[in-house]
Amino acid sequence: MNTQFPHERILMGPGPSPVPQRVLRALAGPTLGHLDPQYLAIMDETCEMLRQVMQTRNPLTFPVSGTGMAGMECIASNLVEPGDEVIVCVQGVFGGRMKDVMERCGATVHVVEAPWGETIPHERIAEALDRNPRATLVGIVHAETSTGAHQPLEGLAGIVHAKGAMLVVDAVTSLGGHELRVDDWGIDAIYSGTQKCLSCPPGLSPVSFGERALARLDARKRKPQSWYLDVTMLRKYYLSGGGAGGGARVYHHTAPINMTYALREALAIVLEEGLDARIARHAAAHQRLRAGLERMGLRYIPSRSLHTLNCIAIPEGADDAGTRRRLLEEYGIEIGAGLGVMAGKAWRIGLMGHGATVRNVDLVLAALASVLAR
Ligand SMILES: *Cc1c(COP(=O)(O)O)cnc(C)c1O
C-alpha cells in the first residue's frame, strides 16, 4: 500500500462521495486568518449559498465545524434541555443515533418506530403527539442511509406545529440529491453533511435554525452543555452583526478555513447545475441502476427507495465481504456493507452528487455482474 499517494477510488458507498477537481483545487487555496475580511466575505457567501441550496431564508444558516454527527449534536444540544420530552422517529441506524443523542442531552425520548426499510406514516406521528402533549419537538431522518428508505416530509410540519412542537430533520443524505424545501415544508431545524450529495470532502455540517428554533433557544433555562456547539456564541462569529442587532464578529473557535473554500465551491457547482436539474439527474441515475440490478435478479429492500442510496439484498450464496473486496481491488469501486441489523444482508450503492452518473451506474453494474458470475 502506498500511504503517501493513495489510489483514487470510485466512491459508490454511503459516503463520502466523489469530489470534483474544482473542489479539491479550492481546498488548496491560501489559508487565511479566521477574522481576515477576505475570509469573512467567503464565509458570508458560503452561508448565502447554503440558504439557496436548502431553500430557506433563515438567517441562522451556517456550516458547523465537524461532520454530519456534529450537526446532529449541535441541534440536539441547543434545542433540548434536561427534562424535555421529545419524539424521535426511528427507522434505522441514524434515527437510533438521534434518539441516543437527545437522551444524552437529558430528554425523555418517545420513539415512533418503523421496521427497517419502511418509512413512518404521518398519522403515527400525529398519534404520538396526541399521546405525548408535552413533546417539544419531533426528530426525523429524511434519507435513512442505513436502509435506503425515503421518508416523506411534506405536510408533516403542519401536524407537528398544531401541537406546539418543532420539526427537526436529518438531511445528511438528501441535501443536494433529493427535493428538500426547508421553508415551504416548515422545517424548524435541519442539519446535513458535506460528503454525501454535496460532493465535498467530509468535515463540515451545514445547519439551519428557523424562528421557532430561535424562540426555543431564547427560552432556555440553562446554557447548552456543549460549549463548542453553543449556537448563541457561534452566531456571533458566523453571522455579520451576530444575527441580533449589530456588533463585530467574535472569535469562538478557529473556523476550518480551507474546508469553507471547498464547501463554497461545491455549493457553486450545485447552483450552476440548478437544484431541479441536479435532483432529476439523481432520479435518472437511480432508475438506470435499479433497472440494471433488477435485470440481474437483485432486489431492493426499502419500499420507497432513495435515489441517492440504493439498498439491495445480498443474493443467496454470494460472498458479502469477498464481493466488496473484489469490487475495490479489481475495479477500484467502493460500495457499502449493510449497517446495523442489515449487516451481512444488504449492500448499499450510493449515487451521490458528482457520483450520480450514467458512467458510474454502468460501471458498477458491469463490475458487479462480473464478480457475481464468478
Ligand atoms: C452519514 C450520516 C450521518 C452522519 O454523518 P457523519 O458525516 O458520518 O458524521 C447522519 N445521518 C445520516 C442520515 C447519514 O447518512
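This is a predicted model, so every value here is computed, not measured. The residue count restarts for each chain, going from 1 along the sequence in the order it is written. Since the coordinates come from a predicted model, pLDDT governs what is reported: local features require at least 70, and pairs of side-chain atoms require 80 or more to be given and counted, while whole-chain, interface and lining totals use all residues. Side-chain calculation: all heavy atoms of the structure are included, whereas hydrogens and water are not.

Participant: Hey, could you run me through unusual backbone geometry in this one?
Facilitator: Peptide bonds are, in most cases, trans, and in most cases residues other than glycine have a negative phi. In this structure, Pro16 follows Gly15 across a cis peptide bond, with omega equal to 0°. Positionally, Pro16 belongs in the loop between β1 (10-11) and α1 (21-27). Phi is positive for Gln55, close to 55°, though the residue is something other than glycine. Labels follow the DSSP assignment, with helices taken as runs of H or I lasting at least four residues and strands as runs of E lasting at least two, numbered in each case from the N terminus. Along the chain, Gln55 turns up in the loop between α2 (37-54) and β2 (60-65). Burial classes: relative accessible area under 20% of the type maximum marks a residue as buried, over 50% as exposed, and values in between as partly exposed (1.4 Å probe, protein chains only). The partly exposed category is assigned to Gln55, whose relative accessible area is 26%. One non-glycine residue, Ser199, lies in positive phi territory at about 55°. Among the secondary structure elements, Ser199 is positioned in the loop between β9 (189-191) and β10 (204-209).

Participant: So what exactly am I meant to see when it comes to the pairing of strand β14 (residues 346-350) here?
Facilitator: In the case of a regular strand, side chains alternate between the two sheet surfaces. Counting buried positions over the five residues of β14 gives five, a clear majority of the element. The side-chain alternation of β14 yields two buried faces, one formed by Ala346, Arg348 and Gly350 and the other by Trp347 and Ile349. Strand direction decides the pairing type here: strand β11 (residues 309-313) and β14, joined by five bridges, are antiparallel. Bridge pairing links Ala313 to Ala346 in β14. Summarising the sheet, strand β13 (residues 336-337) and β14 pair through two bridges and their orientation is antiparallel. Within the sheet, the bridge partner assigned to Gly336 lies in β14 and is Arg348. Strands are labelled as partners when DSSP assigns at least two bridges between them.

Participant: Which parts of the structure should I look at to understand the site of the ligand?
Facilitator: Residues are counted as near a molecule or strand when any one of their heavy atoms sits within 4 Å of it. As a matter of local geometry, the ligand sits amid Thr67, Gly68, Met69, Phe94, Val141, Ala143, Thr145, Asp170, Val172, Thr173, Gln195 and Lys196. For the purposes of these results, a polar contact is taken to be a pair of N or O atoms within 3.5 Å, where, inside protein, one atom must be able to donate a hydrogen and its partner to accept one; residues adjacent in sequence count only when each atom of the pair is a side-chain atom. Met69 places a main-chain nitrogen or oxygen 2.8 Å from an oxygen atom of the ligand. At 2.7 Å, a side-chain N or O of Lys196 approaches an oxygen atom of the ligand. Residue polarity follows a fixed list, in which Ala, Val, Leu, Ile, Met, Phe, Trp, Tyr, Cys and Pro are nonpolar, Asp, Glu, Lys and Arg are charged, and the others, Gly among them, are polar. For the shell around the ligand, the residue count by class is five nonpolar, five polar and two charged.

Participant: I would appreciate a short explanation of the pattern of salt bridges in the present structure.
Facilitator: Pairing of side chains with opposite charge becomes possible as their charged atoms draw close. In the sections that follow, a salt bridge refers to a side-chain nitrogen of Lys or Arg positioned within 4 Å of a carboxyl oxygen of Asp or Glu. Under the definition given, this model contains 22 salt bridges. A salt bridge links Arg51 to Glu48, with the nearest nitrogen and oxygen atoms 2.8 Å apart. Here Arg51 and its partner Glu48 are both found in helix α2, three residues apart, which amounts to about one turn of the helix. Close ionic contact of Glu330 with Arg326 constitutes a salt bridge, the shortest N to O distance being 3.3 Å. In this pair, Glu330 and Arg326 are both assigned in helix α11 (residues 320-331), four residues apart and thus about one turn of the helix distant. A cluster of three or more residues bridged by salt bridges with shared partners is formed by Arg22, Glu45, Arg264, Glu265 and Glu272.

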